[in-house]
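Here's the letter readout for the chains.
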Amino acid sequence: MLDRYRTLREPGSKEIVIKKSRFIGYGRPVESEAEAIAFIEEIKKLHWNATHNCSAYVVGERDEHQKASDDGEPSGTAGKPILEVIKHQGLKNVAIVVTRYFGGIMLGAGGLIRAYTDGAVAAIEAAGAITNVLHREIAVEVDYTWYGKLENELHARGVLVGGVDFTDRVVVRCLPPAAESDRFIDWMTDLTQGQAAISAGETIYVALED
């Protein structure tokens, strides 16, 4: 799994008008190529009467799934510019559709490339970009006498805490970045003078705003 990757926060859409043509950019985070294709088909059904529904997606840890569609626009003037915007912004697991309703004025190849580029950028702005950072859950179990110090130190270092369980002892579910989990465990051991019971759990992605 990647330590971090940039993607979209949520589905979003935004419309722009260029020389009377309406361009509606749709962006969505996706987890698989199948989900990307399904999203594109959903927008095509929504705008079945549009002049064009051009699209692109990038999916996979190594961007192994990439595809762009001009959907009837001149070759290379729509899908490729959308794909280039995704790649230029360093996004993964993202699908974008730019729907066009023709307004009667021809834009030319250069104009189309700029329009679909702007439509893709508008979609990303509407959906919002985030960075998913891989974190590992580390459960730190201590006696109540240690809890105040532990809480203060975690807060001072800005460590994310997934929750706290209060039973006969206190269990703090910490979420340090996965790449730093070994150093975090060493720090917890030193901080509690070896009196904490520490166990490493699953890794999860935590979304951080750009």
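Only a predicted model underlies this, so the values are computations on that prediction, with no experimental measurement involved. (Residues numbered from 1 in each chain as written. Predicted model: local features only at pLDDT ≥ 70, side-chain atom pairs only at ≥ 80, totals over all residues. Heavy atoms only, no water.)

(A) How the structure looks around helix α3 (residues 108–127). The first and last C-alpha atoms of α3 sit 29 Å apart over 20 residues, in line with the 28 Å expected at 1.5 Å per residue. Count one or two residues on from α3 and you reach G128, which has phi positive near 80°. (Helix = DSSP H or I, 4+ residues; strand = E, 2+ residues; numbered from the N terminus. Expected span 1.5 Å × (residues − 1).)

(B) Structural detail: the sheet that holds strand β6 (residues 94–101). Read across the open sheet, the five strands follow the order β2-β3-β6-β4-β5; overall the sheet is antiparallel. Of all strands in the sheet, those with a lone pairing partner are β2 (12–18) and β5 (65–69), marking the two edges. On average, each strand axis in the sheet is tilted by 15° relative to the strand beside it, whichever way the strands run. Bridge count between strand β3 (residues 21–29) and β6: eight bridges; the pairing is antiparallel. Looking across to β6, one finds that G25 is bridged to V98. (Pairing = 2+ DSSP bridges. Axes fitted to C-alpha atoms, helices over the stretch in contact; angles between N-to-C directions.)

(C) Looking closely at the pattern of salt bridges. Taken as a whole, this structure holds ten salt bridges when the rule is applied. When the shortest N-O distance is used, the salt bridge between R22 and E15 registers 2.9 Å. For R22, a relative accessible area of 33% translates into the label partly exposed. Residue E15 is classed as partly exposed on the basis of its relative accessible area of 40%. Here R169 and D143 are joined by a salt bridge, their closest N and O atoms 2.8 Å apart. Here D143 lies in the loop between β7 (129–142) and α4 (144–157) and R169 lies in the loop between β8 (160–166) and β9 (170–175), a separation of 26 residues in the sequence. A residue is classified by how much of its surface remains accessible, and R169, at 18% relative accessible area, is buried. Each of E141, D143 and R169 takes part in salt bridges that share partners, so that together they form one network. (Salt bridge = Lys/Arg side-chain N within 4 Å of Asp/Glu carboxyl O. Buried < 20%, exposed > 50% of the residue type's maximum accessible area, 1.4 Å probe, protein only.)

(D) Spatial organisation of the layout of surface pockets. Taken as a whole, the largest pocket spans an internal volume of roughly 210 Å³. Every residue lining the largest pocket is counted, 13 residues in all, and those nearest its centre are R157, V159, P176, P177 and E180. Among the elements that make up the lining of the largest pocket, the one with the highest residue count is helix α5 (residues 181–191) (three residues). Across the lining of the largest pocket, the residue classes tally to eight nonpolar, two polar and three charged. (1 Å grid on protein atoms, 1.4 Å probe; cavity = no way out; pocket = protein on both sides within 12 Å on 5 of 7 lines; lining within 4 Å. Points joined across faces, edges and corners; volume = space filled by probe spheres on them. Nonpolar A, V, L, I, M, F, W, Y, C, P; charged D, E, K, R; others polar.)

(E) Just α5, in detail. All of the buried residues along α5 are S181, F184, W187, M188 and L191. Along α5, the residues classed as buried sweep out an arc of 115° about the axis, all on the same side. Exposed residues lying more than 90 degrees from the buried face of α5 are D182, R183 and D190. The elements touched by buried residues of α5 are β7, α4, β9 and β10 (197–209). Just downstream of α5, Q193 is the residue with a positive phi angle, here 55°. (Arc of directions from axis to C-beta. Contact = heavy atoms within 4.5 Å.)

(F) The nonpolar core, seen in detail. In this structure, I82, I86, I96 and Y116 are the most contacted members of the largest nonpolar core, which totals 22 residues. Among the elements of the structure, β4 (52–59), α2 (79–88), β6 and α3 are those that each provide at least two residues to this core. Those residues in contact with I96 that lie beyond four places of it in its chain are Y26, G27, F39, C54, S55, A56, I82, I86, A120, A123 and I124. In terms of nonpolar packing, the next biggest core, distinct from the first, is built from 16 residues, I138, Y147, L150 and L191 among them. (Core = buried A, V, L, I, M, F, W, Y, C linked by side-chain atoms within 4.5 Å.)

(G) Layout of the side chain of S181. Among the secondary structure elements, S181 is positioned in helix α5. Of the polar contacts made by the side chain of S181, one reaches the backbone oxygen of A178; its length is 2.9 Å. Once residues within four sequence positions are removed from consideration, S181 is found in contact with R136 and I138. (Polar contact = N/O pair within 3.5 Å; in protein donor to acceptor, adjacent residues only side chain to side chain.)

(H) Seen up close, the packing of α4 against α5. Contact pair α4 / α5: the axes reach a minimum separation of 11 Å and the direction vectors enclose 145°. Pair α4 / α5 crosses with right-handed handedness. Of the residues in α5, those touching α4 at W146, K149, L150, E153, L154 and R157 are F184, W187, M188 and L191. Its residues assigned to classes, the contact of α4 with α5 shows seven nonpolar, no polar and three charged. (Left-handed = near helix turned anticlockwise from the far one by under 90°.)

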